[in-house]
Amino acid sequence: MADSTMWWLLAGALVALELVSGTFYLLMLALGAAAAALAAHLGVSLVTQLVTASVVGLGSVAMWYQIKKRRPGDPSARSQRSVNLDVGEIIQIDEWLPDGTAQVKYRGASWSVIQRPGNAPVPGSYRVAELVGSRLLVEKV
């Protein structure tokens, strides 16, 4: 069997594994195997094919890792209104406790409230931004 055929089979196997596992990095390794298959079609030595697969595969993995690292993370599901209907609701806070929390009556129950770090605890209207455990995380309106 030709070297290029082996590389194409490896690339196909890596794509199939990616479909099963959902690991996008396996597609980057499949890209390296495809580059090695193209190198094999050009008639280069096996060592050059291996180096090509390594450089392209690992290089694309490193590049994708850097791209993912720089991109901001997805917002928390707890802060999405489609997941939690409390998000976006306005509540009135009359006083903040010395520990930076407040107690409010909301939806017929007593809730503990915290606010985003770095904000001064002043009484007033606040918007529910997220549900953190059993506490409401709020931001000033």
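Scroll up for the structure.
As the structure is a prediction and not an experimental result, all values here were calculated from the model. (Residues numbered from 1 in each chain as written. Predicted model: local features only at pLDDT ≥ 70, side-chain atom pairs only at ≥ 80, totals over all residues. Heavy atoms only, no water.)

Undergrad: Where do I start with helix H1 (residues 3-21) in this structure?
TA: Residues spaced three or four apart along an α-helix point in a common direction, a consequence of the helix completing one turn every 3.6 residues. The end-to-end C-alpha distance of H1 is 27 Å, a good match for the 27 Å that 19 residues give at a rise of 1.5 Å each. Buried within H1 are the following residues: Ser4, Trp7, Ala11, Leu14 and Glu18. Around the axis of H1, the buried residues are gathered within 85 degrees of arc, so they sit on the same side. Among the exposed residues of H1, those oriented more than 90 degrees off its buried face are Leu9, Leu19 and Val20. Where the residues of H1 are buried, they touch helix H2 (25-41) and helix H3 (46-70). Of the residues trailing H1, Gly22 is marked for its positive phi of about 80 degrees. (Helix = DSSP H or I, 4+ residues; strand = E, 2+ residues; numbered from the N terminus. Expected span 1.5 Å × (residues − 1). Buried < 20%, exposed > 50% of the residue type's maximum accessible area, 1.4 Å probe, protein only. Arc of directions from axis to C-beta. Contact = heavy atoms within 4.5 Å.)

Undergrad: Just to check I follow, could you spell out the pairing of strand S5 (residues 135-140) for this structure?
TA: Side chains on a regular strand alternate between the two faces of the sheet. Two elements, strand S3 (residues 109-115) and S5, share four bridges in a ladder whose sense is parallel. When the bridges of S5 are listed, Gln115 appears paired with Val138. Where strand S4 (residues 124-132) meets S5, six bridges bridge the pair, whose relative direction is antiparallel. Each residue of the ladder has a partner; that of Leu131, found in S5, is Leu136. The hairpin formed by S4 and S5 contains two residues between the paired strands, and Gly133 there has a positive phi angle of roughly 65 degrees. (Pairing = 2+ DSSP bridges.)

Undergrad: Explain the pairing of S3 here, please?
TA: By the criterion of burial, S3 is predominantly enclosed, with five of the seven residues buried. In this sheet, S3 lies alongside strand S2 (residues 102-106) in antiparallel orientation, the contact comprising five bridges. What sits directly across from Lys105, in S3, is Ser110.

Undergrad: When you look at the packing of H1 against H2 in this model, what are you seeing that I'm missing?
TA: The description of two packed helices rests on the angle between their axes and on the distance between the axes. Following both chains from N to C, one finds H1 and H2 inclined at 170 degrees, their axes separated by 8 Å at the closest point. Between H1 and H2, the angle falls in the class roughly antiparallel. For the pair H1 and H2, contact is made by Asp3, Ser4, Trp7, Trp8, Leu10, Ala11, Leu14, Val15, Leu17, Glu18 and Ser21 and by Leu26, Leu27, Leu29, Ala30, Ala33, Ala34, Ala36, Ala37, Leu38, Ala40 and His41, respectively. Its residues placed into classes, the contact of H1 with H2 shows 17 nonpolar, three polar and two charged. (Axes fitted to C-alpha atoms, helices over the stretch in contact; angles between N-to-C directions. Parallel < 35°, antiparallel > 145°, perpendicular 65-115°, else oblique. Nonpolar A, V, L, I, M, F, W, Y, C, P; charged D, E, K, R; others polar.)

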